[in-house]
Amino acid sequence: MDFEIEKAYEAKKYEDKIYKKWEESGAFTPEVDPSKKSFTISMPPPNATGVLHLGHAVMLALEDIMIRHHRMMGESALWIPGTDHASIATQNKVEQLIAKEGKTKYDLGRADFLKRVHEYVKDSQSTIRNQIRKMGSSCDWTRERYTLDKGLTDAVQEVFIKMYKDGLIYQGDRIVNWCPRCESTLANDEVEYKSLNDKLYWIKYGPFTLATTRPETKLGDTAVAVHPSDKRYKDMVGKKYMIPGVLGEFEVEVIADHTVDPEFGSGAVKVTPAHSFADFEMAQRNNIPAKSIIDEKGCMMDNCGKYAGMKTHECRKAIVDDMDKMGLIEKIEDYEHNLSICYRCETPVEPLISKQWFINVDKKVINHKGKKVSLKERSIQVIKEKEIEILPSKFNKTYFNWMENLHDWCISRQIWFGHRIPIFYCQECGEVITGKEKPEECTKCKSSKLKQDPDTLDTWFSSGLWTFSTLGWPEKTKELEYFHPTGVMETGYDILFFWVARMILMTTYVLGEIPFETVYLHGLIRDRNGDKMSKSKPETCIDPLEMIEKYGTDAVRLSLVIGSTPGNDMRLYEEKIAGYRNFVNKIWNAARFALMNVEKEDLEKEFEPGMVKSLADKWVLTELQKLIKEVDADMEKHHFSEAGTKIYDFIWSQYCDWYLEISKGEHKNPAVLIHVLRTTLKLLHPFVPYVTEKLWEYVGGEKLLISEKWPEYQKELVYTKEAGTMELIHEVISQIRSVRAELKVEPGKKIHAIIYAGKHTEDLEGKREAIMLLGRLEQLDIEEKGPKVDGAKAIFVKDTEIYLPLKDMLDTEKEAKRLKAEIENKEKFAKSLEGKLSNKGYLQNAAKEVIEKDKARLEDEKTNLQKLKSELEQL
RNA sequence: GGGCGCUUAGCUCAGUUGGCUAGAGCGUCUGGUUUACACCCAGAAGGUCGGGGGUUCGACUCCCUCAGCGCCCACCA
């Protein structure tokens with residue numbers, strides 16, 4: 001066929017146009033159609049601040065593969081995209097921006113500041129949207145959501161109120177992680193730890209000597225704790241002591257608590273309940289009061305005398321100086337320990353007591369199988385009872401461990417950007433009223449002076465509702481009924497706790513059903529050295545968008561999917577992407593070749609088994625069926641890397657290297673050439689959507705490939721016997737090529753070959769042309785059997801003998817050496833097979849097929865051994 | 001401190017219920033304008049599957065142990 005397309009595939013030229021076609025075709029927007037199965041993925045919403053990074057890219061690639069596969073399987077495949085407002089992260093970004101203008105959020109005030117944030121979000125949302133498109137993501141833009149949408153805000157308020165009414169949400173004065181820079185609470189898992197070289201101060205403390213890293217908290221001490229069985233302090237427990245301090249004497253009680261380590265320091269610990277989690281808990285257990293001395297800006301409070309107003313680290317220095325003057329410092333040691341820092345801004349976290357909203361995770365409110373269970377228990381159950389499967393399963397344990405140790409979840413944040421807590425306080429009588437809108441008047445005293453709680457909700461509160469809030473809940477939409485629970489939640493293992501666990505917790509409570517059936521956790525993308533990618537190391541840091549520009553989206557997708565297994569990190573570097581670009585180009589050229597070898601009419605005919613002719617046809621079709629079967633199994637098991645690798649190998653090593661090569665001879669069969677091409681394009685489409693869609697324009701029907709049907713395994717196209725014969729022919733050709741290379745026969749030179757093929761004579765005769773073409777022969781004699789050919793190179797493949805009369809090129813000595821080595825090797829192998837086959841245990845226990853295979857192999861080895869030996873003798 | 005994982009060719013990694021003279025890509029070496037593709041083709045070299053022990057007819061695969069590396073959780077002043 002006359003066919004004008006360029007030699008190399010230029011991704012850039014086509015991608016955007018193809019994406020537009022897909023989107024306009026409506027393929028991304030599935031119908032609610034109860035006659036079909038539904039398959040849904042809620043896209044993990046990128047932060048509304050972001051630029052696409054490799055983490056997003058791998059997420060998008062994997063999810064798009066699943067969605068495209070399910071769509072081609074005829075299911076209603078819905079992939080909902082969206083963005084997350086990411087309260088703290090976004091607010092921080094904007095604070096940084098206005099800081100450049102020399103302003104703070106207080107200068108702007110709440111309303112104007114939020115206006116700035118919304119503007120900023122709008123901008124970056126459109127950036128990230130386009131970048132998601134760049135990855136070829138076939139998500140449904142008509143259903144795109146944002147966590148601050150009206151509908152989602154509704155869902156958030158509804159859930160809050162439901163939980164409040166169920167008594168799950170309560171307000172309490174509790175010790176919380178406080179970031180003095182963000183001026184907000186942080187959940188436990190929003191705190192990170194950094195190793196720090198610090199000082200350990202040994203201080204004289206009344207009758208005690210004790211060690212501390214934070215001498216400034218002495219101002220808030222209300223007790224000293226020792227281990228209950230520590231004999232040194234036994235008599236002091238329960239007594240009160242006056243302790244000299246920089247602001248005069250103060251009283252502490254000595255308590256016994258099993259959490260104190262008698263080995264550490266002097267075995268006695270000062271207790272500062274208001275500014276240490278461990279101390280807070282100890283104080284609660286022992287009925288000790290707390291005294292707050294650090295405020296929300298990280299400064300010493302008014303009750304700290306001359307230290308009031310100092311930052312904690314300034315105060316530490318001052319207080320140590322003063323204590324030293326009073327002779328209260330015994331010694332100062334170097335000490336390495338972990339400092340807790342804010343995960344968003346790395347500011348050291350200041351534990352302090354504050355009035356916050358919490359979700360009670362232990363209250364039994366969920367009715368499940370006639371029993372009341374807590375949020376925590378239900379969340380553990382759904383995994384234990386395999387309602388949800390986590391891949392890889394090794395994360396089950398991690399998940400249980402985390403859930404079992406879960407404490408009440410602090411959900412209020414002193415951040416301006418986010419969902420306002422739907423709580424109103426009556427300024428007159430103090431009544432607390434919950435509601436979506438500000439009530440006209442107080443339900444109790446009818447006062448109209450009502451004020452909304454100034455705090456916002458933890459960003460994970462809204463993302464915990466993501467799978468169902470995006471489908472319209474609290475409305476009872478048909479989408480919700482049809483598409484929920486979703487099929488797969490695919491995300492990085494680093495947010496298993498942050499997000500996945502919270503979705504499970506929230507959804508099982510709110511809907512009484514699971515949010516998703518399978519959790520697929522991908523690994524982190526690392527640089528070539530196995531380090532975390534970071535923009536501060538530009539030489540190893542990869543920007544997916546730059547790579548798309550350079551190598552095309554398809555290549556980038558493959559480089560992220562092949563070689564990646566769930567839960568395991570993967571290294572990425574540019575050569576890898578270039579390698580997959582080469583593959584994409586290979587597909588392009590395979591199609592180009594096929595098209596050059598068929599006529600227009602060939603493309604119009606429907607393929608049917610009657611069109612199958614040659615041995616090569618039967619072989620390639622058999623291999624193709626095998627491929628379909630294996631790919632189906634792999635996709636089912638979420639083994640995307642394996643599936644991709646198998647298709648890659650089929651196209652390159654089977655279709656191109658053998659079938660297309662053989663098609664260069666007289667065996668050209670357009671029907672099979674095109675059928676195999678079409679089928680592999682379909683199989684490939686989820687992995688490399690662009691190049692396959694482009695090629696489908698040339699070889700496909702009227703429909704876009706994205707909407708085509710996934711190939712089915714066809715038993716009638718499996719020709720086991722013929723395929724086996726073809727393998728033999730491949731082997732014969734390979735051997736001839738190998739000898740040519742070994743004897744340095746000029747590539748252009750055609751040689752003579754004599755083959756004694758025994759029972760395969762007819763088959764080889766049938767493929768005479770292919771053997772001559774690919775072995776570069778000028779003369780080929782095929783006989784059933786015959787005499788040895790003197791001075792010829794001999795090769796034995798199965799029961800076939802090949803002689804290449806290359807007398808002048810043969811080095812007898814070398815040949816003898818090679819034969820000897822091969823004989824030795826084969827004898828060794830045959831011996832091990834014999835040993836195995838005479839082993840009773842083996843014969844009794846091994847599978848029949850395994851034994852049969854070994855027997856056949858032994859036969860082959862034996863005949864070839866004999867031939868090799870006589871060859872050696874005659875040399 | 002508690003938990004999880006990794007160690008297979010020079011490099012990066014596959015290897016699914018134990019049955020392989022252990023595979024791929026990149027790199028290396030030899031040689032190549034052949035009805036598509038040099039982003040290519042043909043051929044080749046390269047591994048005692050981290051060490052040791054055990055279970056088994058049989059172990060890269062299961063168990064124990066040692067060593068090295070990594071991650072997560074907790075956090076003690």
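Refer to the structure printed above.
Residues numbered from 1 in each chain as written. Chains lettered and ligands numbered in written order. Predicted model: local features only at pLDDT ≥ 70, side-chain atom pairs only at ≥ 80, totals over all residues. Heavy atoms only, no water.

**Student:** Let's hear about the overall build of chain A: which residues, and what values?
**Tutor:** Helix and strand counts for chain A come out as 27 helices and 31 strands. The C-alpha radius of gyration of chain A comes to 37 Å, more than 25% above the 29 Å expected for a compact globule of 875 residues. Along the longest, intermediate and shortest principal axes, the C-alpha atoms of chain A span 115 × 65 × 60 Å. Taking contacts inside chain A between residues at least 6 apart in sequence as the whole, the part at least 24 apart equals 75%. Each charge sign in chain A was given a centre, from 131 positive and 144 negative side chains, and these centres are 1 Å apart. (Helix = DSSP H or I, 4+ residues; strand = E, 2+ residues; numbered from the N terminus. Rg over C-alpha atoms; globule rule 2.2 N^0.38 Å. Contact = heavy atoms within 4.5 Å. Lys, Arg positive; Asp, Glu negative; His and termini not counted. Charge placed at Lys NZ, Arg CZ, Asp CG, Glu CD.)

**Student:** Tell me about the environment of arginine 768, and please be specific about residues and values.
**Tutor:** Following the sequence through the fold, arginine 768 ends up in helix H24 (residues 768–775). The spatial distance from the C-alpha of arginine 768 to the C-alpha of threonine 40 is 53 Å, given a sequence separation of 728 residues.

**Student:** So what's going on with the side chain of threonine 40? Which residues, and what values?
**Tutor:** Relative to the helices and strands, threonine 40 resides in strand E1 (residues 38–42). Setting aside chain neighbours within four positions, we find threonine 40 in contact with Leu78, Phe483, Thr486, Gly487 and Val488.

**Student:** Can you tell me about the protein's contact with RNA strand B, naming the residues and giving the values?
**Tutor:** Taken together, the neighbourhood of RNA strand B is formed by 56 residues, with Phe264, Asn589, Trp652, Lys664 and Phe829 sitting nearest. Each atom of RNA strand B within 4 Å of the protein was assigned to sugar, phosphate or base; sugar and phosphate come to 52%. Lysine 586 is positioned with one of its side-chain polar atoms (N or O) 2.9 Å from a phosphate oxygen of RNA strand B. Side-chain polar atom of glutamate 642 to a sugar or linking oxygen of RNA strand B: 3.1 Å apart, as the coordinates give it. Among the elements of the structure, strand E8 (208–212), strand E13 (329–342), helix H16 (574–596), helix H19 (640–663), helix H22 (720–742), helix H25 (812–837), helix H26 (840–845) and helix H27 (848–874) are those that each provide at least two residues to the surface near RNA strand B. With 9 residues, the single largest contributor to the surface near RNA strand B is H16. (Near = heavy atom within 4 Å. Polar contact = N/O pair within 3.5 Å; in protein donor to acceptor, adjacent residues only side chain to side chain.)

**Student:** Got a sec to walk through the pairing of strand E9 (residues 223–226)? Specific residues and values, please.
**Tutor:** Burial of the side chains of E9 extends over both faces: Ala223 and Ala225 are buried on one face and Val224 and Val226 on the other. Judged from the 4 bridges that link them, E9 and strand E11 (residues 250–256) form a sheet pairing that is parallel. Counterpart to alanine 223 in the pairing with E11 is glutamate 253. The sheet contact formed by E9 and strand E12 (residues 268–271) spans 4 bridges and is antiparallel. Paired with alanine 225 across the bridge in E12 is valine 269. (Buried < 20%, exposed > 50% of the residue type's maximum accessible area, 1.4 Å probe, protein only. Pairing = 2+ DSSP bridges.)

**Student:** I'd love a proper account of the nonpolar core, names of residues and values included.
**Tutor:** If you look at soluble globular proteins, the nonpolar side chains tend to sit buried side by side. The biggest cluster of nonpolar side chains holds 132 residues, and the ones touching the most others in it are Val620, Leu621, Tyr655 and Leu804. It is H16 that provides the largest number of residues to this core, a total of 12 residues. Apart from the residues lying within four places of it in its own chain, the contact partners of leucine 621 are Phe607, Val612, Val672, His675, Val676, Leu717 and Tyr719. (Core = buried A, V, L, I, M, F, W, Y, C linked by side-chain atoms within 4.5 Å.)

**Student:** Give me the side chain of histidine 522: which residues, what numbers.
**Tutor:** The topology assignment puts histidine 522 in strand E25 (residues 516–522). Apart from residues lying up to four places away in sequence, histidine 522 is in contact with Gly55, Val58, Met59, Leu62, Glu490, Thr491, Gly492, Tyr493 and Gly567.

**Student:** Help me get a handle on the pattern of salt bridges, residues and values and all.
**Tutor:** One pass over the structure, following the stated rule, counts 62 salt bridges. Across the salt bridge formed by aspartate 531 and lysine 537, the nearest N and O atoms sit 3.9 Å from each other. For lysine 537, a relative accessible area of 29% gives the class partly exposed. With a shortest N-O distance of 3.0 Å, arginine 818 and glutamate 815 are connected by a salt bridge. A residue pair is termed a helical-turn pair when its members lie 3 or 4 positions apart in one helix, as arginine 818 and glutamate 815 do in helix H25 at 3 residues. Bridged by salt links that share partners, the residues Glu742, Lys793, Glu815, Arg818 and Glu822 form one connected network. (Salt bridge = Lys/Arg side-chain N within 4 Å of Asp/Glu carboxyl O.)

**Student:** Which residues make up the sheet that holds strand E29 (residues 777–783), and what values do they have?
**Tutor:** Spatially, 4 strands are ordered E29-E28-E31-E30 in an open sheet, and the strand pairing comes out mixed. The sheet is open, and its two edges are formed by E29 and strand E30 (792–797), each paired on a single side. Each strand axis lies, on average, 20 degrees off the axis of its neighbour in the sheet, ignoring direction. When E30 meets strand E31 (residues 800–805), the two strands line up antiparallel, connected through 6 bridges. In the sheet register, alanine 792 faces E31, and the bridge partner there is proline 805. (Axes fitted to C-alpha atoms, helices over the stretch in contact; angles between N-to-C directions.)

**Student:** Report on the packing of aromatic side chains, specifying residues and quantitative values.
**Tutor:** Under the counting rule described, the total for this entry stands at 32 aromatic pairs. The interplanar angle of 15 degrees and the centroid separation of 6.1 Å between the aromatic rings of tyrosine 655 and tyrosine 659 together place this pair among those described as stacked. Pair noted here: tyrosine 655 and tyrosine 659 are both in helix H19, with a separation of 4 residues, about one helical turn. By the ring-pair criterion, three or more aromatic residues cluster together here, those being Phe160, Tyr164, Trp357, Trp409 and Phe461. Over the face of the ring belonging to tryptophan 22 we find arginine 68, whose NZ or CZ atom lies 4.1 Å from the ring centre. (Phe/Tyr/Trp six-rings, centres within 6.5 Å; stacked < 30°, edge-to-face > 60°. Lys NZ or Arg CZ within 6 Å of the ring centre and 35° of its normal.)

**Student:** Can you tell me about the pairing of strand E5 (residues 169–179), naming the residues and giving the values?
**Tutor:** Direction of pairing for E5 relative to strand E14 (residues 350–359): antiparallel, over a ladder of 10 bridges. Its bridge partner lying in E14, glutamine 171 is registered against tryptophan 357. Summarising the sheet, E5 and strand E6 (residues 184–186) pair through 3 bridges and their orientation is antiparallel. Bridge pairing in E6 links cysteine 179 to serine 184. Linking E5 back to E6 in an antiparallel pair, the connection comprises 4 residues, with glutamate 183 at a positive phi of about 50 degrees.

**Student:** Residues and numbers for the sheet that holds strand E22 (residues 450–452), please.
**Tutor:** Taken together, 3 strands build an open sheet; the order of strands is E21-E20-E22 and the sheet is antiparallel. The open sheet has two edge strands with one neighbour each: strand E21 (432–434) and E22. On average, each strand axis in the sheet is tilted by 30 degrees relative to the strand beside it, whichever way the strands run. Pairing of strand E20 (residues 423–426) with E22, which is carried by 3 bridges, proceeds in the antiparallel orientation. Within E22, the residue paired with cysteine 426 across the bridge is leucine 450.

**Student:** Which residues make up unusual backbone geometry, and what values go with them?
**Tutor:** Along the chain, leucine 391 connects to proline 392 via a cis peptide bond; the corresponding omega equals -5 degrees. Within the fold, proline 392 resides in the loop between strand E17 (389–391) and helix H9 (395–404). Each neighbour pair has its own omega, and for histidine 484 with proline 485 the value is 0 degrees, a cis peptide bond. The residue proline 485 is located in the loop between helix H12 (478–483) and strand E24 (486–492) in this model. One non-glycine residue, alanine 86, adopts positive backbone phi at about 45 degrees. Positionally, alanine 86 belongs in the loop between strand E3 (82–83) and helix H3 (87–100). One non-glycine residue, arginine 776, adopts positive backbone phi at about 55 degrees.

**Student:** Before we move on, could you go through the packing of H22 against H24 and cite the residues and values that matter?
**Tutor:** Two elements in contact, H22 and H24, have axes whose closest approach is 9 Å; the angle formed by their N-to-C orientations is 25 degrees. The pairing of H22 with H24 is recorded here as roughly parallel in orientation. Along this stretch, H22 crosses H24, giving a crossing that reads as right-handed. Contact with H22, carried on its side by Ile729, Ile733, Ile736, Arg737 and Arg740, involves Ala770, Ile771, Leu774 and Gly775 of H24 and no other residues of that element. (Parallel < 35°, antiparallel > 145°, perpendicular 65-115°, else oblique. Left-handed = near helix turned anticlockwise from the far one by under 90°.)

**Student:** Quick one: what's the story with the packing of H3 against helix H4 (residues 105–134), residue by residue and with numbers?
**Tutor:** Each pair of packed helices can be summarised by the angle the axes make with each other and by the distance between the axes. Contact geometry for H3 and H4: axes closest at 10 Å, N-to-C directions at 115 degrees. Looking at the two axes, H3 sits roughly perpendicular to H4. Helix-helix and strand crossings are classified by hand; for H3 and H4 the assignment is right-handed. Every residue of H4 that contacts H3 at Thr90, Gln91, Lys93, Val94, Glu95, Leu97 and Ile98 is listed here: Lys105, Leu108, Phe113, Arg116, Val117, Tyr120 and Val121. Here the residues of the contact of H3 with H4 sort into 8 nonpolar, 2 polar and 4 charged. (Nonpolar A, V, L, I, M, F, W, Y, C, P; charged D, E, K, R; others polar.)

**Student:** For the environment of leucine 511, give the residues involved together with the corresponding values.
**Tutor:** Examined against the element boundaries, leucine 511 turns out to sit in the loop between helix H13 (496–510) and E25. Judged by its relative accessible area of 25%, leucine 511 is partly exposed. If we ignore the near neighbours within four places in the chain, the residues touching leucine 511 are Phe468, Trp473 and His484.

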